[in-house]
Amino acid sequence: MFTIKKFTSVQALLLFGLLMGVFIIYPNIAQIPWDIPRLVQSAGTDGAAMQIFVNGVKINCVCFGSLTGFWLFFIFRYLFFSVTIWVLLIINIKKIKQPAYTRRIFLTAAVTALAYGLYIQISLSINKHIDCFTVHLLFQFVVACVLCVLIGYARALYSVQREKELEIERLKREMLQSRCDALANQINPHFFFNSLNCLTYLIRSDDKERTLEFVNKLSNVFRFILQSDKKGLVTLNEELNFLDSFRYLLEVRFADKLTFDIRVEASATAMKLPVLSLLPLVDNAVVHNAIDSEHKIHMVIATRSDSDSGETVLTVSNPIYPKLEKPFTNGTGLTNLSARFRLMVHKDIRIEQTDDTFTVILPLT
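Notes on the structure follow.

Thresholds, definitions, all that
Numbers given to residues run from 1 along each chain, matching the order in which its sequence is written. Side-chain atom pairs in this predicted model are given and counted only at pLDDT of 80 or more, local residue features only at pLDDT of at least 70, and totals for whole chains, interfaces and linings cover all residues. In computing side-chain properties, one takes all heavy atoms of the structure into account and sets aside hydrogens as well as water. Numbering of helices and strands runs from the N terminus; a helix is a DSSP stretch of H or I covering at least four residues, while a strand is a stretch of E covering at least two. Accessible area is worked out with a 1.4 Å probe on protein chains only. A residue is then buried under 20% of its type maximum, exposed over 50%, and partly exposed in between. Contacts: residue pairs with any heavy atoms within 4.5 Å of one another. Only the protein chains shown count as cover for residues, with accessible areas throughout obtained via the Shrake-Rupley method and a probe of 1.4 Å. Aromatic contacts are taken between Phe, Tyr and Trp rings whose centres are within 6.5 Å, Trp giving its six-membered ring; a plane angle under 30 degrees counts as stacked, one over 60 as edge-to-face, and the others as tilted. DSSP bridges decide pairing: two strands pair if at least two such bridges lie between them. Axis angles are defined between N-to-C directions and span 0 to 180 degrees, where every axis is a line fitted to C-alpha atoms and, for a helix, only to the segment in contact. The patches described consist of residues with a relative accessible area above 30% and no salt bridge, like charges being joined within 9 Å and nonpolar side chains (Val, Leu, Ile, Met, Phe, Trp, Tyr) within 5 Å. Note on definitions: salt bridges are taken to be side-chain nitrogens of Lys or Arg within 4 Å of carboxyl oxygens of Asp or Glu. In a helix, the anticipated span is given by 1.5 Å times the number of residues less one. Directions from the helix axis toward the C-beta atoms define the arc.

Side note on the overall build of the protein
Scanning the protein from terminus to terminus reveals ten helices and nine strands. The buried share among the 365 residues of the protein stands at 38%. For the protein, the proportion of contacts with a sequence separation of at least 24, taken over those separated by at least 6, is 72%. Summing over all exposed atoms, the protein offers an accessible surface of approximately 21100 Å²; the carbon and sulfur share of this is 61%.

Thoughts on the packing of aromatic side chains
Applying the stated criterion across every chain, the model contains ten aromatic pairs. Relative to Phe 141, the ring of Phe 81 has its centre 4.7 Å away and its plane inclined at 40 degrees; by these criteria the two rings are tilted. Pair noted here: Phe 81 is in helix H4 (residues 67-95) and Phe 141 is in helix H6 (residues 134-204), with a separation of 60 residues, a long-range link. Just as Phe 81 is buried, Phe 141 falls in that class too. One aromatic cluster in this structure is built from Phe 76, Phe 80, Phe 81, Tyr 116, Tyr 119 and Phe 141.

Details of the sheet that holds strand E4 (residues 258-263)
With mixed pairing, the five strands of this open sheet are ordered in space as E4-E6-E7-E9-E8. Looking at the sheet topology across the chains shown, the edges are occupied by E4 and strand E8 (350-353). Adjacent strand axes in the sheet meet at a mean angle of 15 degrees, parallel and antiparallel pairs treated alike. As judged from the six bridges shared by strand E6 (residues 297-305) and strand E7 (residues 312-319), these two strands associate in the antiparallel manner. Bridge pairing links Ser 305 to Thr 312 in E7. Sheet strands in contact with helix H8 (residues 236-253) are E4, E6 and E7, and its direction is about 160 degrees off that of E4.

Here we look at a nonpolar patch on the surface
On the surface, a cluster of nonpolar side chains totalling about 490 Å² of accessible area is made up of Tyr 101, Ile 105, Leu 138, Val 142, Val 146 and Leu 150. Of all the secondary-structure elements, those providing two or more residues to the nonpolar patch are helix H5 (101-125) and H6. Element by element, the count of residues in the nonpolar patch is highest for H6, at four residues. When you line up the elements, Tyr 101 lands in helix H5.

A closer look at unusual backbone geometry
One non-glycine residue, Leu 276, adopts positive backbone phi at about 60 degrees. By secondary structure assignment, the location of Leu 276 is in the loop between strand E5 (272-274) and helix H9 (278-288). The class for Leu 276 is buried, based on a relative accessible area of 4%. The phi dihedral of His 346 falls on the positive side, at around 65 degrees, and the residue is not glycine. Positionally, His 346 belongs in the loop between helix H10 (333-344) and E8.

Let's talk about helix H2 (residues 10-24)
Compared with an ideal rise of 1.5 Å per residue, which puts 15 residues at 21 Å, H2 spans 20 Å between its outermost C-alpha atoms and is within 8% of the ideal. Three or more residues of H2 are buried, namely Leu 13, Gly 17, Met 20, Gly 21 and Ile 24. Buried positions in H2, seen along its axis, are confined to an arc of 115 degrees and lie on one side of it. The outward face of H2, more than 90 degrees from its buried face, is lined by the exposed residues Gln 11, Leu 15 and Leu 19.

Considering the environment of Ala 156
Checked against the element boundaries, Ala 156 lands in helix H6. The sequence separation of Ala 156 and Lys 97 amounts to 59 residues, and the corresponding C-alpha distance is 5.5 Å. The contacts of Ala 156, once residues within four sequence positions are left out, are Lys 97, Gln 98, Pro 99 and Arg 104.

Next comes the structure, spelled out in structure tokens:
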């Protein structure tokens, strides 16, 4: 996988320096078709002084007497610029990681000046060649300096921006986690109180088998809720196993006036969704609807292919039987669920409501 960290490794920067070396000495490469015939023509004057004109100014220099010397110095020039750019990139990317523009320019310019001086000294020490195009050479070093400064500065700005994005992402996760914890803590006392009432009824009715089953299911529900803070995404199969225990408690509590119809394809059970996605939807149906002999709630949980995207989605629907008195709720259940899906699945839930039915569509990943 491509990452910025791999791109800015020492080996990658060396490769980038070799590529930029070609860019810097491109004028020298373009000049080769004119340099080679001149060298061949002056092959008989090995070591002799030669007068050439640069921008109308006559310059005396000692030129090559052989093509071998020319190509050796050409390779030296290329490798010198490549290594210089590599060192400048390491300074601008590895050593100066913050967008400190003044310090970056000063340090890069100082290293470039040292490299320029070293290059001149090496050129003068070679008997068969003096790089006499000093203005052109100075321009090449300036271009290398400016390019490395700009690359380092852009990389530093990107790093700062990326760190801010990661920090925002972390804060969002912590905020949603706290909301999830608050939701679980809010459900626990209310649900626990109703469950104890149901358990008391079962004990008084002396139905030992149902009482034991109720206790086991209640234990499974609370175990899953308490462990939910350590989970992000869970498989649909895990969520349905939790729902199996949760719905048993509700069916006992409402004396079969609340039933469930689960139609989930086996191929979709391995797909994932945020933990405790079904709990607020079931709780929403219980809180906002009248459940009695005349108003039985039949919840349908099914998977299907979405008509818009073609992806598999989970639909949770229930009939609407509004209570005479509007229930007191904080209204954050669906809002929190939607935010968790956007953050963890990068997709949003959809709500479809008619006069008779309320449906929530959950994307699976």
